[in-house]
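Structure assessment
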Amino acid sequence: MVTVKSLSFAYNKRVPIFSDFNWTIKPGERWSVIGPSGCGKTTLLYLLAGLRVPSSGQITISDGLGPHKVQTGLVLQDYGLLPWATAFQNVALGLKIQKTDRTQVNEMTQKWLVDLGIESVSSHYPSELSGGQRQRVAIARTLIMQPSLLLMDEPFASLDTLTREDLLDLTLTLWRKQPSTMVLVTHNIEEAVYWGSHIMVLQKAPNTRGDLIENPDSGNAEYREQPGYRALCRQLRGLIEKYAGSTGDRQI
C-alpha cells in the first residue's frame, strides 16, 4: 500500500509542484502516470523512491505485513549501468552489495538473465549491447532484488516502437508471474493506456490532485485494436492538451 497524504513539494522555494496532494495505491496495482511537460511526473516518482523529501505531508509505503522496510526498485530511462561491468555483473550488483552467498548470486542472476532473454549476452559490456538489451539488463538488475514496489521513469522512451512494445509486454508477463505494485511514468499516451490498469493524469503545477481513470482492459494484446483503447487515448490527449494550455505534441 502506498499512501500519499497532504503532500507538498517545491524546488528551492519556487512555485510548489505539489500542494496538499493525496493519492493511494493498493498492493499489486499497475499505474501509469502521465501529464504535460513540467507537471511533476518524475518528481513524484523520486518522492516515492525517497530520492526527494516532501516539503510537508507524508508518504507511507507498506505491504500490510508489518513495519519492516519495503523493498523499492527504480528503473530509469538512461539505464544506469556500470560501463566497466558485464551484463552478468550488472544484474548481480545488488545481491553482491548485500553480501548474498556466491552460489545464490550466480543462480539468481542466471535465472533473471534467462527470464529477460539476455543470457546469450551475459558476458558483454553495456557498450556492446543494443538499447533494448541494456534496458533488459537494467530491469533484471532491479527485479532480482524482488521489490514490492517497482518505479519506472520513462524506461522505454529512447527505444524504437517494436522494442518498446516488446519490453512493455515483457514487464506485464513478469508482473503476472510475480505481481508487485508498479508505477510507470511516461509521456507516451498509447504506452500509458496499454500498460496501466489505473491511470493518473497530472496537471500543471501546482498539482492539488490528479485525474484518476480506471482501465481494466489494459495489458491484453487485443486491447490496442479495440474502440475503447482509441477512445481512452483521445480522452487522455484532451486532458493533457487542456492542462498544457496548448495543442501539445502529437503522440498518436
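Below is a short write-up of the structure. Note that the coordinates shown come from a computational prediction; the quantities given were computed from them, not determined experimentally.

As for the overall build of the protein
Along the backbone of the protein there are 7 helices and 9 strands. The C-alpha radius of gyration computed for the protein amounts to 18 Å, which stays within 12% of the reference 18 Å derived for 252 residues, consistent with globular compactness. Taking the principal axes of the C-alpha coordinates as reference, the protein spans close to 55 × 45 × 35 Å. When each of the 252 residues of the protein is scored for burial, the buried share is 48%. Contacts in the protein between residues at least 24 apart in sequence constitute 70% of all its contacts with a sequence separation of at least 6.

Thoughts on the packing of helix 4 (residues 131–143) against helix 5 (residues 161–177)
Across the interface, helix 4 lies against helix 5 with an axial gap of 11 Å and an inter-helix angle of 20°. Classified by the interaxial angle, the pair formed by helix 4 and helix 5 is roughly parallel. In terms of crossing hand, the pair formed by helix 4 and helix 5 is right-handed. Contacts from G132, Q135, R136, I139 and L143 of helix 4 reach helix 5 at T163, D166, L167, L170, T171 and L174. Counted by class, the contact of helix 4 with helix 5 contains 5 nonpolar, 4 polar and 2 charged residues.

A word on helix 3 (residues 102–115)
With 14 residues, helix 3 should cover 20 Å at 1.5 Å per step; its first-to-last C-alpha distance of 20 Å lies within 8% of that length. Taken residue by residue, helix 3 has V105, M108, T109, W112 and L113 as its buried positions. For helix 3, the angular spread of buried residues about the axis comes to 135°, placing them on one side. Elements that come into contact with the buried residues of helix 3 comprise helix 2 (87–97), helix 4 and helix 5. In the segment just after helix 3, G117 is the residue with positive phi, at about 70°.

Digging into the pattern of salt bridges
Tallying each qualifying case throughout the model produces 5 salt bridges. D166 is paired through a salt bridge with R136; the nearest N and O atoms lie 2.3 Å apart. In this pair, D166 is assigned in helix 5 and R136 in helix 4, connecting sequence segments 30 residues apart. The salt bridge involving R164 is made with E191; its shortest N-O contact spans 3.6 Å. Of the two residues, R164 is situated in helix 5 and E191 in helix 6 (residues 189–195); the sequence distance between them amounts to 27 residues. Summarising the burial analysis for this pair, R164 and E191 share the class buried.

Some remarks on the pairing of strand 8 (residues 198–201)
Each regular strand displays side chains that alternate between the two surfaces of the sheet. Residues H198 and M200 of strand 8 are buried on one face, and the alternating residues I199 and V201, pointing to the opposite face, are buried as well. Note that strand 3 (residues 30–34) and strand 8 share 4 bridges and pair parallel. Each residue of the ladder has a partner; that of V33, found in strand 8, is M200. Relative to strand 9 (residues 211–214), strand 8 runs antiparallel, the two being bridged by 4 bridges. Bridge pairing in strand 9 places M200 opposite L212.

Describing the pairing of strand 1 (residues 2–9)
Here strand 1 pairs with strand 2 (residues 18–25) via 5 bridges, running antiparallel. Bridging across to strand 2, L7 finds its partner in F21. With 5 bridges joining them, strand 1 and strand 4 (residues 56–61) adopt antiparallel strand pairing. The residue of strand 4 that forms the bridge with V4 is I59.

Looking at the side chain of R164
On the basis of relative accessibility, which here comes to 17%, the residue R164 falls in the buried class. Leave out the neighbours within four places in its chain, and R164 touches F156, L159, N188 and E191.

Observations concerning the side chain of N90
Secondary-structure assignment places N90 in helix 2. Residues within four places of N90 in sequence aside, it is in contact with L81, L82, A85, P126, V137 and R141.

Considerations on the sheet that holds strand 1
Pairing is antiparallel in the open sheet, where 3 strands are placed in the order 2-1-4. One side of each edge strand has no neighbouring strand; the edge strands of this open sheet are strand 2 and strand 4. Neighbouring strand axes in the sheet, compared pairwise and without regard to direction, differ in orientation by 15° on average. Packing of helix 1 (residues 41–49) onto the sheet brings it into contact with strand 1, strand 2 and strand 4, and relative to strand 1 it is tilted by some 120°.

Cut-offs applied
- As a convention, each chain's residues are numbered from 1 in the sequence order in which they are written.
- Two thresholds apply to this predicted model, a pLDDT of at least 70 for residue-level local features and 80 or more for giving and counting side-chain atom pairs, whereas whole-chain, interface and lining totals are computed over all residues.
- For the side-chain quantities, the full set of heavy atoms in the structure was used; hydrogens and water were omitted.
- A run of DSSP states H or I qualifies as a helix once it reaches four residues; a run of E qualifies as a strand once it reaches two. Both are numbered from the N-terminal end.
- We take the radius of gyration over the C-alpha atoms and set the globule estimate at 2.2 Å times the residue count to the 0.38 power.
- A 1.4 Å probe rolled over the protein chains alone gives each residue an accessible area, and that area as a share of the maximum for its type sets the label: buried under 20%, exposed over 50%, partly exposed in between.
- Contact between two residues is taken to exist if any of their heavy atoms lie within 4.5 Å; hydrogens are not considered.
- To get an axis, a line is fitted to the C-alpha atoms, and for a helix only the part in contact is used. The angle between two axes follows their N-to-C directions and goes from 0 to 180 degrees.
- Any angle that falls under 35 degrees is termed roughly parallel, while one over 145 is termed roughly antiparallel, one within 65 to 115 roughly perpendicular, and all others oblique.
- Crossing handedness is defined as follows: a turn of the near helix away from the far one that is anticlockwise and smaller than a right angle gives a left-handed crossing, while the clockwise case is right-handed.
- Classification convention: Asp, Glu, Lys, Arg as charged; Ala, Val, Leu, Ile, Met, Phe, Trp, Tyr, Cys, Pro as nonpolar; all other residues, Gly among them, as polar.
- To estimate how far a helix should reach, multiply one less than its number of residues by 1.5 Å.
- In this description, one arc is meant: the one made by directions from the helix axis to the C-beta atoms.
- A side-chain nitrogen of Lys or Arg and a carboxyl oxygen of Asp or Glu constitute a salt bridge if their distance falls within 4 Å.
- Whether two strands pair depends on DSSP finding at least two bridges between them.

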